Amino acid sequence: MSAKLQHECTRVPVTALSPCGPFLIAAEGPFLRFYTRQDYLFLSSKRVFQAQVILGISVLSSSDHHVAFIVWGGLLVRSLELSVPTNRGDEHALLDSLRFSNVAKATDWILDLAPGLHDQANGSNNEVKVCAAVTAHNALLELTIRRHPGHDATQSSSPHISIVELTASSRSILYSAHLLWHNKDRILIAAGTAFGEIMYWSWTRNGNQGATSRMHRVFLGHEGSIFGVQISRELTLVPEEGPKRLLASCSDDRTIRVWDVSNISSDDEILVENEESGGQRTRHTGFSNASFDVDVSRRDCFAIGWGHISRVWTVRFLDFTDPSPGVCLLSAGEDATSRSWKLVPSSDPGPENPSPLPYRLLQFDYTSNHNGKNIWSMTVHSLSSGQRELITGGADNKITACSLSPPSLLSQGTGSSLSEFAVDDIVSPVQASEETSSAPQPIASHRPSNKAEFFRSYTFIGDNTFLLTTNSGKIYMQSTSSESRPCGENGVNESTFVDQLQDLTGYSVCTSVPAINAAFTAGSRGSIFFYRRNATSLVKIHTFSSKVGEIFAARNGPLGGPEVVLLVTLLGQKVAQLLHLNVSENNPPTSSAITTVPLFEESTGLVITSMDYIPASSRGTHLLVGFRRGSIALYGIPGAEDKGTETSPASLTQLIERVHEKEAVTSIKWFPTTPSSLSGKLVSTGRDGRLTIHALNLATNTTTLVHNSVLPVGPNIEGLHFNEGHLLVYGFSSKKFVLYDTATEDEIMSVDTGGAHRSWTFHPSLHKYGGGTLVWTRASRLHICRQDGSSHQVIRPGGHGREIKAVAVSPPSVDGVRKQLIATGAEDTDIKIFVYEDGEITCRRTLRRHTTGIQHLQWSDDGEYLFSSGGCEEFYVWRVHTLPAELGGIGVVCESVYAPESEHSDLRIMSFDVRRQESSFLIAMVFSNSDVKAYSYIPTTATKWHPLAKGIYSTSCLTQCAFLSPTTIITTGTDGHAVLWPLPTGSEHPQLHSSAPSAAQSLTWHQPARIHQSSSKTLAIHPLDMKTMLIASGGDDGSLAFLLATSRLPSASSDSTVADTSYAHPPIVVTRAHASAVTACTILPYQSRVFVLTSGNDQWLRLWEVVLRPRVGAKEVEEETAGDVSDPLDFRRVRKIKTSVADVSSMAVLAQDGEGMARVLICGVGMEVIRVDWEEGV
């Protein structure tokens, strides 16, 4: 039997993007992924190179009937062509006719490539196309692409690439380059070196006189390596000055610089005495002192821009059809943001503008739609609607598209509008239009705050209409529109004066039920007023004896029903009042009952911050109340037969304390299992930045915390709502208002408001996914931001933005209810939980608790617990629950945290192993200081952690740890040895109900076995039978080591310090298994055979078969002598394949098919699923 290795799913950094004909093309490793250009639907994936990462895509020709493009990476280049029929129909079928050229190999690494101008001029059906490329040593190459006939006349021709060198390589070490065809015989080249220099030179074909290359300028000023350069076309900065050609660069120093190259002609040479121009291209290596002697304010530097917080990888010019003159640029960098810039003239140098440069770069927009670090690719293309979009691809494998607007038309997001009004813009014009007996008095400059006119509160009464109150008690109805309104332009035609109430003077609060276009407001005198849209005044519906603190509204019954409940808090009182209102279409609301809700100052406090109402069921009606102290109370409301117009008390049935620690509970939603169910989920948000979900059973009056997650936005999370099956939360993060999708983990709306401490209201879009309308006060001015839809579109969801260091796969459930989950931990300190379905790896949940990179992950044998470790002695126990799809499908709670024992908590928990024992877990850990510790973790007791044993190995760092049996631990370390640690007697049966942990016993290591010359990087164990285990270890020395361990039954008189497990044979080492460190391995049993899959930094996956010789048995092992030992294992390499994942750190088996297939997940810089197909035969 043999095996076949195949790439099934690849998720690695997106290194190139380009629109081409009807497609958007993205490069991931050696693969190209094709999407439809207009709506970004995925079509297919095509492999271009065997293993080389694709670094660039350039369109050769694109028309309605023919598409041709060229891709490159490293030394390799390949061209692809596709004929597009007039009625192309299904794009999937189109890609089946894709024609590939040969794979051409250049002499050096290609940094940039561009097609010649004559190809575009002569049309798309040229038999010969010419491209130019520049290499990492500043050499210029010419690539000729010719049609190569097929095998017969019926076949379409295939392209063929040949490469010639136009200029020789130089001593320069380039990190970036860009070339621009000035005309068909002249090429302009900008080259950025590793040492901060930018060389601007040209190559010219002079007919019969041959070709010449000239160095025109060497620009100095950057203080780091040049990672990106681009030469512009001729641009108009100032109409009076005529067109200019500019050069943009970005660097390690986080700056973007623009240089003037418009005054350079073909005959200009660099002005350096006693040196020929031809030698200038090879002279600049960056090791000279010139870069330290340069005047950075020289006239060639046009502008400098600061904005990125880390290295900038890419910069390019933008072409806008903008009525205002100017030049715009795009940049992207290590901080995972893309930023838009405009080149504007500098004012005269002075204290406020010390720069002597003639221009400055003004940042007018930025996007941050990726996780972790690094945007590696970006492109701009136009949709059929004429709208331009910026598409970015990052290290997180995420591809996003967002609208791209010039500065003069810049909006806050997709389909968004922004309006701004002063109080006089609304109050004065409306008052002037009303026929009132008294005119408004001008506001005095030092008027007391209780008399000054300003906006007090807002509440929405419809999708496009909100009510606002002012300090003088005036109420206005304001309409929002989808069109932007310039700041300062008043909105008289959108504002309607409703009423003026003395009760609302100096103080007012309001709430609403937008579904019935109704609002409620109250002031300092205890009166509650009602308003329905388009009414001419407010109606008083009830009066309380004291000042109203806050009002909360909810529907009672199905959508469209007549009943509304209002929870009213009264200042200085230890009760709240629940009003039951009947709201009819044409008549004022009437109160059917009033329920007194008692408050308990000691347990909950008196300040209510949120509420939800659970309508009547077989167990009665319930009220959920959230408090500022972080607790949630469940009240029982008297039934209809007990209610009347007189006050009836509610009963406190349950109190859930510290739901959001000591921070306010800002929003509560009841999510029943079925519409009439007594059980369901209680979803809440708070100002601690967390989203919590409790399983609540009204019949048994029990609650269980099933999810508690820290959101990446916040900490002031203010509300939540459901939209198209997604749970969205909103609130304030720093100075921004943010709308966040917890399902896709995307920030879909972001508005700079100045912070959370202000009057504001938000109405989410209920008829379209994402977006909504935000109203807020800033600097005493009313601001309105309306956004239709999400601020960006996710073309391909992402994962980790940093290197993955650990992976673990949960065991499949027996009943099939629980899906197999993939947990990954990365250098970004996050743990992500994925599912693998339909050939795609999709993130379902992110756990944010660790503060250091993850070292190791492991699931319990039933998949209900996940264990994780990292630096600073961080070890967490996570409980995993199943949730409804609308709530994310997966709920995770950090059940316990390991308490560090060292003085400074600065050790790394390098590895651990977990073994279940009845209702407890036996956990063994190894630390970076060579400590070994064993604990019993008992989830059901008050004291969960019970120390069992601890020991110390030597001065080397322990790297791997595993249980060989319930009483024996094996560890490996940086000294290349594997040793056994027998646990003391009784450790395998800890006291499950001990009230206090006992002292840890001593651990001693035995039977050291040398398996590597240096560190052991990975360890895998597989039982061959009841007593024999196969141990495989990958080392830093590139070797693969095998050990056989056998267990014996301990006798009653045996010494507990002697291992019950021992080696059956000395280590068997496969030297040079890889050309680098072996960093990951896993064991794949199939039928009666055993295979080992390994990988390392060389990015090769190797499959080995291991055969246990039948003569080796337990009895024979005892009888063998050291002088008569032959290898008990045979092994052979079965297959190998290159992986697209760089820096492979770990791997795990996803699933094994008894019919002849297994899947293995490879993790490192990205993820990849490799399918192993078992083939019968040799």
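Residues numbered from 1 in each chain as written. Predicted model: local features only at pLDDT ≥ 70, side-chain atom pairs only at ≥ 80, totals over all residues. Heavy atoms only, no water.

A. Representation of the overall build of the protein within the structure. Within the protein, the secondary structure is distributed over six helices and 87 strands. Buried positions account for 57% of the 1178 residues belonging to the protein. Long-range pairs, those at least 24 residues apart, make up 53% of the contacts in the protein with a sequence separation of at least 6. Of the roughly 48400 Å² that the protein leaves accessible, carbon and sulfur atoms contribute 48%. (Helix = DSSP H or I, 4+ residues; strand = E, 2+ residues; numbered from the N terminus. Buried < 20%, exposed > 50% of the residue type's maximum accessible area, 1.4 Å probe, protein only. Contact = heavy atoms within 4.5 Å. Areas by Shrake-Rupley, 256 points an atom, 1.4 Å probe, with all protein chains shown as cover.)

B. Examining the sheet that holds strand β35 (residues 509–513) more closely. Strand order in the open sheet made by the four strands is β35-β36-β37-β38, with antiparallel pairing throughout. Single-partner strands in this sheet number two, and they are β35 and β38 (539–543). The sheet shows a mean angle of 25° between the axes of neighbouring strands, taken without regard to direction. Relative to strand β37 (residues 527–532), strand β36 (residues 518–522) runs antiparallel, the two being bridged by five bridges. The partner of Phe 520 across the bridge, within β37, is Phe 530. (Pairing = 2+ DSSP bridges. Axes fitted to C-alpha atoms, helices over the stretch in contact; angles between N-to-C directions.)

C. Spatial organisation of the UniProt feature "repeat: WD" (unreviewed entry) in the protein. According to UniProt, the feature "repeat: WD" (unreviewed entry) maps to residues 219–263 and 847–882 in the numbering used here. Helix makes up 0% of residues 847–882 and strand 58%, with an end-to-end C-alpha separation of 15 Å. (UniProt positions renumbered as here; feature names shortened; annotations may be inferred.)

D. View of the pattern of salt bridges. The full count for this structure, using the stated rule, is 33 salt bridges. The shortest N-O distance in the salt bridge between Arg 658 and Glu 661 comes to 2.6 Å. Overall, the relative accessible area of 44% leaves Arg 658 in the partly exposed class. By relative accessible area, which is 42% here, Glu 661 ends up partly exposed. Measuring nitrogen to oxygen at the nearest pair gives 2.7 Å for the salt bridge that ties Glu 837 to Lys 819. Pair noted here: Glu 837 is in strand β62 (residues 831–837) and Lys 819 is in the loop between β60 (804–809) and β61 (822–826), with a separation of 18 residues, a long-range link. In this structure Glu 837 comes out as partly exposed when scored by relative accessible area, which is 29%. A network of salt bridges, in which partner residues are shared, links Glu 8, Arg 1159, Arg 1171 and Asp 1173. (Salt bridge = Lys/Arg side-chain N within 4 Å of Asp/Glu carboxyl O.)

E. Spatial organisation of unusual backbone geometry. Residue Gly 714 is joined to Pro 715 through a cis peptide bond whose omega torsion reads 15°. Along the chain, Pro 715 turns up in the loop between β51 (702–710) and β52 (716–723). Even without glycine at this site, Asn 517 takes up a positive phi of about 60°. Tracing the backbone shows Asn 517 in the loop between β35 and β36. For Asn 517, a relative accessible area of 23% gives the class partly exposed.

F. Quick look at the confidence of the model for the protein. With 84% of its residues at a pLDDT of 70 or more, the protein shows a mean pLDDT of 85. Per-residue pLDDT stays below 50 along residues 120–124; that stretch engages in eight contacts with residues further than four places along the chain or on separate chains. Residue range residues 435–448 is modelled with pLDDT below 50. Its contacts to residues more than four positions away, or to other chains, number six contacts. (pLDDT = per-residue confidence, 0-100.)

G. Up close: the environment of His 660. Positionally, His 660 belongs in the loop between β47 (651–656) and β48 (665–672). Overall, the relative accessible area of 0% leaves His 660 in the buried class. It is 8.8 Å that separates the C-alpha atoms of His 660 and Ser 684, two residues lying 24 residues apart in sequence. Leaving out residues up to four positions away in the same chain, His 660 has contacts with Gly 630, Val 665, Ser 684, Thr 685, Gly 686, Asp 688, Arg 690 and Thr 692. A polar atom in the side chain of His 660 sits 3.5 Å from the side chain of Thr 692. (Polar contact = N/O pair within 3.5 Å; in protein donor to acceptor, adjacent residues only side chain to side chain.)

H. Up close: the packing of aromatic side chains. Per the counting criterion, the structure on display carries 38 aromatic pairs. Summarising the aromatic geometry, the rings of Tyr 1086 and Trp 1174 are spaced 4.9 Å apart at their centres and angled 20° between planes, so their arrangement reads as stacked. One end of the pair, Tyr 1086, is in strand β82 (residues 1078–1086); the other, Trp 1174, is in strand β87 (residues 1157–1175), with 88 residues separating them in the sequence. Per residue, the accessibility class of Tyr 1086 equals that of Trp 1174, and both read buried. (Phe/Tyr/Trp six-rings, centres within 6.5 Å; stacked < 30°, edge-to-face > 60°.)

I. The pairing of strand β8 (residues 76–83), seen in detail. In terms of burial, β8 is largely enclosed, as six of its eight residues are buried. Of the strand pairs in this sheet, strand β7 (residues 66–73) and β8 are connected by eight bridges, and their pairing is antiparallel. Note that in β8 the partner of His 66 across the bridge is Ser 83. Hairpin remark: β7 followed by β8, antiparallel, with two residues in the connecting loop; positive phi at Gly 74, about 65°. Where β8 and strand β9 (residues 99–100) come together, two bridges link them in antiparallel fashion. Along β9, the bridge assignment pairs Leu 80 with Phe 100.

J. Structural context of empty space enclosed by the protein. Enumeration according to the criterion identifies four cavities of 30 Å³ or more in this entry. Computed from the structure, the largest cavity encloses a volume of approximately 90 Å³. Around the largest cavity sit Arg 11, Val 12, Ala 395, Asp 396, Asn 397, Gly 798, Gly 799, His 800, Arg 802, Ile 804, Gly 1166 and Met 1167, which together line it. Here the residues of the lining of the largest cavity sort into four nonpolar, five polar and three charged. Taken as a whole, the second largest cavity holds about 60 Å³ of empty space. In terms of lining residues, the second largest cavity is bounded by Ser 709, Val 710, Leu 711, Tyr 740, Thr 742, Glu 745, Arg 845, Thr 846 and Arg 848. Mapped by element, the contributors of at least two residues to the lining of the second largest cavity are β51 and β63 (840–847). Its residues assigned to classes, the lining of the second largest cavity shows three nonpolar, three polar and three charged. (1 Å grid on protein atoms, 1.4 Å probe; cavity = no way out; pocket = protein on both sides within 12 Å on 5 of 7 lines; lining within 4 Å. Points joined across faces, edges and corners; volume = space filled by probe spheres on them. Nonpolar A, V, L, I, M, F, W, Y, C, P; charged D, E, K, R; others polar.)

K. Molecular detail of the sheet that holds strand β55 (residues 746–752). Taken in spatial order, the four strands line up as β52-β53-β54-β55 in an open sheet, and their pairing is antiparallel. With partners counted over all chains shown, the strands left at the sheet margins are β52 and β55, one partner each. Taken pair by pair, the neighbouring strands of this sheet meet at an average axis angle of 20°, ignoring direction. Relative to β55, strand β54 (residues 736–741) runs antiparallel, the two being bridged by six bridges. Counterpart to Val 738 in the pairing with β55 is Ser 750.

L. Up close: the side chain of Glu 81. Position of Glu 81 relative to the elements: it lies in strand β8. Looking at Glu 81, the relative accessible area reads 2%, which means it is buried. Not counting residues within four places of it along the chain, the set of residues in contact with Glu 81 comprises His 66, Val 67, Ala 68, Ser 97, Leu 98, Arg 99, Lys 129, Arg 147 and Pro 159.

M. Spotlight on the environment of Phe 722. Mapped onto the elements of the fold, Phe 722 is located in strand β52. Separated by 53 residues in sequence, Phe 722 and Lys 669 place their C-alpha atoms 9.8 Å apart. With residues near it in sequence (within four places) discarded, Phe 722 still touches Phe 671, Leu 727, Glu 886 and Leu 887.

N. Examining the environment of Ser 592 more closely. When you line up the elements, Ser 592 lands in strand β42 (residues 590–598). Once the C-alpha coordinates of Ser 592 and His 580 are considered, the two residues, twelve residues apart in sequence, prove to be 5.5 Å apart.

O. Up close: a nonpolar patch on the surface. A grouping of Ile 173, Tyr 175 and Phe 195 is seen on the molecular surface, where their side chains present a nonpolar patch of about 260 Å² in accessible area. Within the secondary structure, Ile 173 is located in the loop between β14 (158–165) and β15 (174–183). (Patch = residues over 30% accessible without salt bridge, like charges linked within 9 Å, V, L, I, M, F, W, Y side chains within 5 Å.)

P. Geometry of the side chain of Ser 176. Here Ser 176 shows up in strand β15. You can call Ser 176 buried: its relative accessible area is 6%. Those residues in contact with Ser 176 that sit more than four places away from it in its chain are Leu 111, Ala 190, Ala 191, Gly 192, Ile 226, Phe 227, Gly 228 and Val 229.

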